[in-house]
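Here's the letter readout for the chains.
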Amino acid sequence: MKKYFKFLPFILTIILRIPDFFQPYWYTDTGIYSAIGESINHGGILYKTIIDNKPLIIYYLYALLEKLPLSLMFSIQFISLVCALITEYLIYKICEIRFNRDIGLISMFVLTILLGTDFIHSNGANVETIFILFSTLSIYIFFLKENIYKYIYLAGIILGIGFLIKVPVIFDGIFLIFYMLFTYKFLDFFKKSFIYGLGIITPVVLFLLYEISIGNIGNTIKYTFTSNFSYVAIFNHFYGISYTYINLLVYFIILLASYSLYKKGKINIDYIFFTLWLSSDLFVILLTGRPYIHYIIQILPAVSIFFAYIIYNFRNWNLKKSLIISLSTIFVVFLLGEYFFRNELSWQVYDNFSNTFPFYSNFIEYSLGSITRTQYFDTFPYNTNVVHEKRIYTANINYKMASLLDTLNVKNKDIFIAANFPWVYYMTGSYTTHFYTADFIYGSSNNDKRELLLSLEKNRPYVILFYNDGYTIKGFDSFLKKNYSLYKYEYGAKLYKLKG
C-alpha cells in the first residue's frame, strides 16, 4: 500500500492544476512573454527591437509554443504542471539520498499543497514554476554523485540553463558552493566548486557568444544583467540603511554563525543543509524589496523538505528542541508576513490569499454550467495600470481590447498598444517591434519614452491603441494627429489607424 501511496501527491497535483488550463488570458507577466514570443516569430530581435529584463529561454519557449496548433494557455500550463510533477519527484529523491523515503513522501505532500494550489500564485505559470525544476535537478544530481566530477559539471550546466530562464536561480548554486565550503576540505572544495561553477557558466557563455555573433551583445548585457540592478532594493532604506545591505548583513551573519556552530559540533550536517538552502533562497526573494508573492515559489522545494523533516522528527525531539524549532519557524513566518504586507503592493498578496478558495469554487460552478464563460472570466482580477490605478477590473478587458483590434484585422501586422494589455498581441495574432509590450515598463523613464516615440516615428505601426489610463508621452499627441486618424473610441480605449 505504501508503495502506491507515493503516487497520491502526483494525482492530487494534477487535480488541483486542472482549473489552470481554463483560465482567461489575464496575467500581465505571462502576457509579456507571449507578446515577445509573437514579436520573435515575426522577425523581432530580442533585446534590440523588443525588450524585457530576463534571459532568453522563457521568450523563445513562448515563441515555440505559439507555433503549435494548441491554445497557448493549455501548452504553457501543461509545461508548468510537468515541471511541478518532476520537481515533486526530485525532492523525494533528494530526501531519499539525504534522509529517508518517509521524509521524501511527506515533502511531496507539502509541495503539492504549496505549489499545486493557487496559494502562492503558482497557477499563473510564472517562470519560477519552471526554473525550480532546473535548480532542484541540479541539487539532486550533485548529491547523487557528489564525488564524480563529470556529474558535478553536469549539475552546474543544468543550473546554468535555469539561470538563462531567470537570474535569481543562481542562489541555489550559491547554496551548494557554501555547502561544499562548510563540509569539504579546502582542496576538495576548490576542485568541486570550480567544476560546478564552470558548468554554470558554460550555457551562459554560449548564450553570450551567440549574441556577439549577431552583434547584439551590448543590448543583451544591458537588459539581462545591468538593468536588473534597478530592481534591487539598494535605494530603499530602513532608518537610513539600504534594505539590500541589511539583507546582506543578515545573510552573512547566518552563514558565519552556522559555520561556527557546525565546526564546534553544536549542529549537525542536516541543519547546515537546511540553513544554507533556505537562507540563500530567502536572501534573493527579499533582495528586490518588492513583495511579489510568486517570488516565494523559488524557496518551496527547500521549505517542503524542511517541514517534512520537522514533521517526521518532531515526536523524537525533547521539549526544548521542539520549542526552539517551532518558535523559530513561527518567528520567520511572522517576519515574512510583515515583509509581504508592509507597503502599497501588499494588496496583491492579500488578493491572492483571499482568492485561493474562490479560484476552485468558481471553476466548479463554471464546469457545472452554473455560470457562463464570461461570468467565470469576470472572477479573475485585472489591474489596468499597475502604477496609476488601484481599481480592480476584470480580465474581460483583454478580450474587449482584442475584439476592438479585430475590427481592423491586425493579424500578422505590426501594431502598438500603449497600455497594460500584452496578452492582446497574442490574442489578435499581431506583434510589436517597438521595444515595449506593457506601458509600466517605460512609464517612469523619460529616456525610454523618447526612444519609444523615435521608434514609432521611424517604423509607423499599422494601428496604435491607447488606453485612457496610459502614460503621458511628450510629443505623442502631435505624432498621432500628424500620422493617424481616430478610428474608434470604445471600452475606454482610443484606436488609431495609420493614414493613407
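Please refer to the structure higher up on the page.
A brief structural summary. (Residues numbered from 1 in each chain as written. Predicted model: local features only at pLDDT ≥ 70, side-chain atom pairs only at ≥ 80, totals over all residues. Heavy atoms only, no water.)

**Let's talk about the pairing of strand β6 (residues 463-467)**
To be explicit about the condition: Relative accessibility thresholds used throughout: buried, under 20% of the residue-type maximum; exposed, over 50%; partly exposed, between the two (1.4 Å probe, protein chains only). Secondary structure counts use DSSP, requiring at least four H or I residues in a row for a helix and at least two E residues in a row for a strand, with both numbered from the N terminus. Two strands pair under a simple rule: DSSP has to find at least two bridges between them.
Counting buried positions along β6 yields five of five residues, so the element is predominantly enclosed. In the sheet, strand β5 (residues 415-418) pairs with β6 via four bridges, with the strands oriented parallel. If you follow A418 over to β6, its bridge partner there is F466. With five bridges joining them, β6 and strand β8 (residues 493-498) adopt antiparallel strand pairing. Bridging from a neighbouring strand, Y467 pairs with A493 of β8.

**Side note on helix α4 (residues 57-65)**
Defined as follows: Within this analysis, the arc is defined by the directions that extend from the helix axis to the C-beta atoms. Pairs of residues are marked as contacts when any of their non-hydrogen atoms sit within 4.5 Å.
Of the positions making up α4, those classed as buried are I58, Y59, Y62, A63 and L65. One face of α4 carries all of its buried residues, which in axial projection span an arc of 165°. Here the buried face of α4 lies against α3 (28-41), α5 (72-98) and α7 (127-144).

**Here's the deal with the environment of S279**
To be explicit about the condition: Distance and chemistry together define a polar contact, namely a pair of N or O atoms within 3.5 Å, with one atom able to donate a hydrogen and the other to accept it when in protein, and with adjacent residues in sequence counting only for side-chain atoms on both sides.
Relative to the assigned elements, S279 resides in helix α13 (residues 269-286). Residue S279 is classed as buried on the basis of its relative accessible area, which comes to 9%. If near-sequence neighbours (up to four positions away) are discounted, S279 is found in contact with Y251, I254 and F274. Within polar-contact distance, the side chain of S279 engages the backbone oxygen of L276 at 3.4 Å.

**Looking at the nonpolar core**
We apply this condition: The term nonpolar core refers to a set of buried residues drawn from Ala, Val, Leu, Ile, Met, Phe, Trp, Tyr and Cys, joined through side-chain atoms within 4.5 Å.
Grouped together as the largest cluster of nonpolar side chains are 134 residues, with contacts concentrated most on F142, F175, F273, I305, L405, I417 and F476. Broken down by element, this core gets its largest block of residues, eleven residues, from α13. Residues in contact with F476, not counting those within four places in the same chain, are L453, L456, I464 and F466. Y27, F359, Y360 and F380 belong to the second largest nonpolar core, which has ten residues in total.

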